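If you want the building blocks of each chain, they are given just below.
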Amino acid sequence: MNNAIASFILIVLLCTLIFSPFAALAMLMLVMFTAALISLVSTLTQAVLGHDSSTPQTDKK
């Protein structure tokens, strides 16, 4: 299912690139901006909660 969705999105992007290269570039920039915002929110959330991803998680008994 994930491969079908990724293939569909890729086909839509390629068709957009054929018909309007600047629209495809704008769409790619929007995707990159969205990914950067998601990464920023994730990093800030981990910083506020004090989660250190460099230390392995162990079960405390």
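Our subject in this report is the structure included herewith. (Residues numbered from 1 in each chain as written. Predicted model: local features only at pLDDT ≥ 70, side-chain atom pairs only at ≥ 80, totals over all residues. Heavy atoms only, no water.)

Attention shifts here to the overall build of the protein. Per the secondary structure count, the protein includes two helices and zero strands. Across the 61 residues that make up the protein, the buried fraction comes to 3%. Carbon and sulfur atoms make up 73% of the accessible area of the protein, which totals about 5800 Å². (Helix = DSSP H or I, 4+ residues; strand = E, 2+ residues; numbered from the N terminus. Buried < 20%, exposed > 50% of the residue type's maximum accessible area, 1.4 Å probe, protein only. Areas by Shrake-Rupley, 256 points an atom, 1.4 Å probe, with all protein chains shown as cover.)

With respect to the secondary-structure elements, Leu 14 resides in helix H1 (residues 2-19). Judged by relative accessible area, which is 45%, Leu 14 ranks as partly exposed. Taking the C-alpha atoms as reference points, Leu 14 and Ala 24, separated by 10 residues in sequence, lie 8.0 Å from one another.

A contiguous nonpolar surface patch, about 580 Å² in accessible area, is contributed by Ile 5, Phe 8, Ile 9, Val 12, Leu 13, Met 27 and Val 31. Listed by contribution, the elements that provide at least two residues to the nonpolar patch are H1 and helix H2 (21-49). A total of five residues in the nonpolar patch trace back to one element, the largest contributor, which is H1. Tracing the backbone shows Val 31 in helix H2. (Patch = residues over 30% accessible without salt bridge, like charges linked within 9 Å, V, L, I, M, F, W, Y side chains within 5 Å. Salt bridge = Lys/Arg side-chain N within 4 Å of Asp/Glu carboxyl O.)

Moving on to H2. Two residues of an α-helix separated by three or four positions point the same way, owing to the 3.6 residues in each turn. With 29 residues, H2 ought to run about 42 Å at 1.5 Å a step, and its terminal C-alpha atoms sit 42 Å apart, in line with that. Phi turns positive, to about 80 degrees, at Gly 50, one or two residues after H2. (Expected span 1.5 Å × (residues − 1).)

At their nearest, the axes of H1 and H2 sit 5 Å apart, and the two run at 140 degrees to each other. Considering the angle they form, H1 stands oblique to H2. For the pair H1 and H2, the contacting residues are Leu 13, Thr 16, Leu 17 and Phe 19 in the first and Pro 21, Ala 23, Ala 24 and Met 27 in the second. Of the residues contributing to the contact of H1 with H2, the split by class is seven nonpolar, one polar and no charged. (Axes fitted to C-alpha atoms, helices over the stretch in contact; angles between N-to-C directions. Parallel < 35°, antiparallel > 145°, perpendicular 65-115°, else oblique. Contact = heavy atoms within 4.5 Å. Nonpolar A, V, L, I, M, F, W, Y, C, P; charged D, E, K, R; others polar.)

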